[in-house]
Amino acid sequence: MKDIDIRDLADDKKLGRVLDTVVREVKMYAEDQIEHIKKLTDIGIALSGEKNINKLLEMIVDEARKLSGADAGTLYITEEKEKSLRFAILQNDSMKIRKGGVSGEAAEGLPNVPLFKPDGSPNHSNVSSYAALTGERVNIQDVYATEDFDFSGTKKYDVVTGYHCQSMLVIPLKNHEDKIIGVLQLLNATDRETGEIIAFPRDSIDLVGALASQAAVALTNMQLIEDLKALFYAFIKTIATAIDEKSPFTGGHINRVVNLTMEMAQAVSEADTGPLKDIIFTEDEMEELRIAAWMHDVGKITTPEHIVSKTNKLEGVFDRIELIETRFNYIIQKLENEKLKQKVKILEEGGDNFNADTAKELAALDNDYAEKIAAVQSDLDLLKAINSDKQMVDEASAALVNAIAARTYKMDGRPLPWLSENEAACLTILRGNLLEEERRIIEHHAEMTTKITRELPFPDKLANVPTYAGSHHEKLDGSGYPKGLSGDDIPIQARIIAIADVFEALTARDRPYKPPMNISQALKILGFMNKDGHIDPDIYDLFMREKLYQPYCEKELSPDQLD
């Protein structure tokens, strides 16, 4: 065999052209692979950074179709409770269909794909359910030429719409626990140069498979975040329910304050004139405010129930007017006994000599004690009326109570007051039902709200929830509680909750200790609070000018309050 001289090869132009072609093809292949890697990296970054789950789902299908050249794509999400696959995204360029996500119409009305047959056996006849159950990829060159799966529904769809489904790629989405959380289904791979429908090539399958893995991670993270958020909200609402069980009207109060707070916050964000025009709450800030409104009264979970729900002035663990009634009945019974003793004495002194004078003396005695007993009964009726009076107690009534409390009766030889010191104090409360020490116990809930919420591990975007929730009883002039904050030290979010809290309390129909106010009365009191520097004047002006109370009142108030 003749030895080959390397110089001869170097001079062979034909071989040189072949080598140039090989080098060029290798370079193009390498560049193409690098571009694919870069593209997958960019997609992975985009997927992991997306916070909107609907946009994320749409992005998964969009990018998978771009990588594979697919004309159509569907994304199913696994519904564990229903044991089925739910349509989340449906796209078809040829038919100009986009359903689901943020840019398409709602993916409603599309039936779920069952994972199991009625007899409980796995549904392997449907290609998407097969992929979900087995975790295997399925690549079909022509759905009309295979008998591996039941495509009768697909063929019927083609007949009705005029579309022709040919190639199909089905890839399951697995999470970190190797659990199938969804299925990606692509239809009709298209040759980029000729536009012809082709089978999904091997490199496209690998790329889409890599994308599916990234998508599964991003989707799992998003679902975990959504699940944690749902769990957190459920926890918050459970606390509200617990407060509701302690006092039914307080639970209703929390729900109503949340709704009114968010309507006011939205109006502040939309204000385009005035001092509030530059305040625009972000989505996270609205979420932060909503949670603060939900938790603004969480401290009441530590407040004794009989104080939270104090209906009458003498109410404690039980309504002590019943104890007073028993005491007054005892006093009446003592008067009856005294009368009988007096009668016996008169009759004994007269002996057998019962005459007109004796009868007259007995009648006078009856009249005298009847007046005394009637006076006691009248005092009791007065105390009952004052105890349950929902309006202000006047000074004259308070003076009568003090006069009654100053009287004494005897039991076992010991003088006892008709009313205890605490009973008299309760019955002489001029406004409302709470003693000053009880009011301080109620006010302590604001401090407890801050303390409880600070124990919760809020993420950074919700870090201000304890401040907003615990400051809703602060007043701009510094006369509020628990810290006596004033002016700019009170965040605007807390000022919004404060007005919502006051307006709801004034108009609420379910307070046992006061009648509900109509709109004009409530707005008049808000006006006084604004004039006295208790509430934010800018928010109050917006509340009045835009009639932010109107939708709330039409929904929550009775017709006779809508004056």
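It should be noted that the structure appears before, not after, this text.
What you see is a predicted model; the values in this text were computed from it and never measured.

So, how was this worked out
Residues numbered from 1 in each chain as written. Predicted model: local features only at pLDDT ≥ 70, side-chain atom pairs only at ≥ 80, totals over all residues. Heavy atoms only, no water. Helix = DSSP H or I, 4+ residues; strand = E, 2+ residues; numbered from the N terminus. Buried < 20%, exposed > 50% of the residue type's maximum accessible area, 1.4 Å probe, protein only. Contact = heavy atoms within 4.5 Å. Areas by Shrake-Rupley, 256 points an atom, 1.4 Å probe, with all protein chains shown as cover. Salt bridge = Lys/Arg side-chain N within 4 Å of Asp/Glu carboxyl O. Axes fitted to C-alpha atoms, helices over the stretch in contact; angles between N-to-C directions. Parallel < 35°, antiparallel > 145°, perpendicular 65-115°, else oblique. Left-handed = near helix turned anticlockwise from the far one by under 90°. Nonpolar A, V, L, I, M, F, W, Y, C, P; charged D, E, K, R; others polar. 1 Å grid on protein atoms, 1.4 Å probe; cavity = no way out; pocket = protein on both sides within 12 Å on 5 of 7 lines; lining within 4 Å. Points joined across faces, edges and corners; volume = space filled by probe spheres on them. Phe/Tyr/Trp six-rings, centres within 6.5 Å; stacked < 30°, edge-to-face > 60°. Lys NZ or Arg CZ within 6 Å of the ring centre and 35° of its normal. Pairing = 2+ DSSP bridges. Core = buried A, V, L, I, M, F, W, Y, C linked by side-chain atoms within 4.5 Å.

### Quick notes on the overall build of the protein
For the protein, the count of helices and strands is 19 helices and 10 strands. Here the protein, with 563 residues, has 44% of them falling under the buried criterion. Within the protein, residue pairs in contact and separated by at least 24 positions form 64% of the contacts whose partners lie at least 6 positions apart. Of the roughly 30,900 Å² of accessible surface on the protein, 53% is carried by carbon and sulfur atoms.

### Description of the pattern of salt bridges
Counting across every chain of the model gives 25 salt bridges. Residues E63 and K66 are paired through a salt bridge, measuring 3.8 Å at the closest nitrogen-oxygen approach. Of this pair, E63 and K66 both sit in helix α3 (residues 53-68), three residues apart, which is roughly one turn of the helix. Among the ionic contacts, a cluster of salt bridges with common partners joins E336, K339, K343 and D366.

### Remarks on the packing of helix α11 (residues 356-388) against helix α12 (residues 395-406)
The geometry of α11 relative to α12 is characterised by a closest axis approach of 11 Å and an angle of 130° between their N-to-C directions. Between α11 and α12, the angle falls in the class oblique. Handedness of the crossing formed by α11 with α12: left-handed. Two secondary-structure elements touch here, α11 through D379, L382, L383 and I386 and α12 through S397, L400, V401 and I404. The residue makeup of the contact of α11 with α12, split by class, is six nonpolar, one polar and one charged.

### Section: empty space enclosed by the protein
Applying the stated criterion to the full structure yields one cavity of 30 Å³ or more. By volume, the largest cavity is sized at about 50 Å³. Lining the largest cavity are E474, L476, I490, A494, R495, A498, I499, H534, I535 and D536. Its residues assigned to classes, the lining of the largest cavity shows six nonpolar, one polar and three charged.

### Digging into the packing of aromatic side chains
Aromatic ring pairs are reported here in terms of the distance separating the ring centres and the angle at which the planes meet. Scanning the model with the defined rule gives 10 aromatic pairs in all. Connected via pairs of aromatic rings, a cluster forms that spans F503, F543, Y549 and Y552. Seen from the ring of Y369, K372 lies directly overhead, with NZ or CZ sitting 4.7 Å from the centre. The ring of W418 carries R407 above its face, with NZ or CZ at 5.1 Å from the centroid.

### Remarks on unusual backbone geometry
Cis geometry is found at the peptide bond from Y481 to P482, where omega equals 10°. When you line up the elements, P482 lands in the loop between α15 (465-470) and α16 (492-507). With a phi close to 55°, N188 is a non-glycine residue in the positive phi region. With respect to the helices and strands, the residue N188 is situated in strand β7 (residues 180-190).

### Quick look at the pairing of strand β6 (residues 168-174)
For β6, the tally of buried residues reaches six of seven residues, placing the bulk of the element in the interior. As judged from the three bridges shared by strand β5 (residues 138-140) and β6, these two strands associate in the antiparallel manner. By the bridge assignment for β6, V138 is matched with V170. Looking at chain direction, β6 and β7 are connected through seven bridges and run antiparallel. By the bridge assignment for β7, I171 is matched with L184. The hairpin turn running from β6 into β7, its antiparallel successor, is five residues long, and D178 in that turn takes a positive phi close to 60°.

### Describing the nonpolar core
Within the largest apolar cluster, 55 residues are counted, with the highest numbers of intra-cluster contacts made by M264, I291, W294, M295, F503, L526 and F543. Elements represented by at least two residues in this core include exactly α6 (202-246), α7 (248-270), α8 (283-294), α15, α16, α17 (519-531), α18 (537-545) and α19 (549-556). Ranked by residue count, the leading element in this core is α7, at nine residues. Residues within four places of M295 in sequence aside, it is in contact with I236, I239, T449, T453, L456, F458 and A469.

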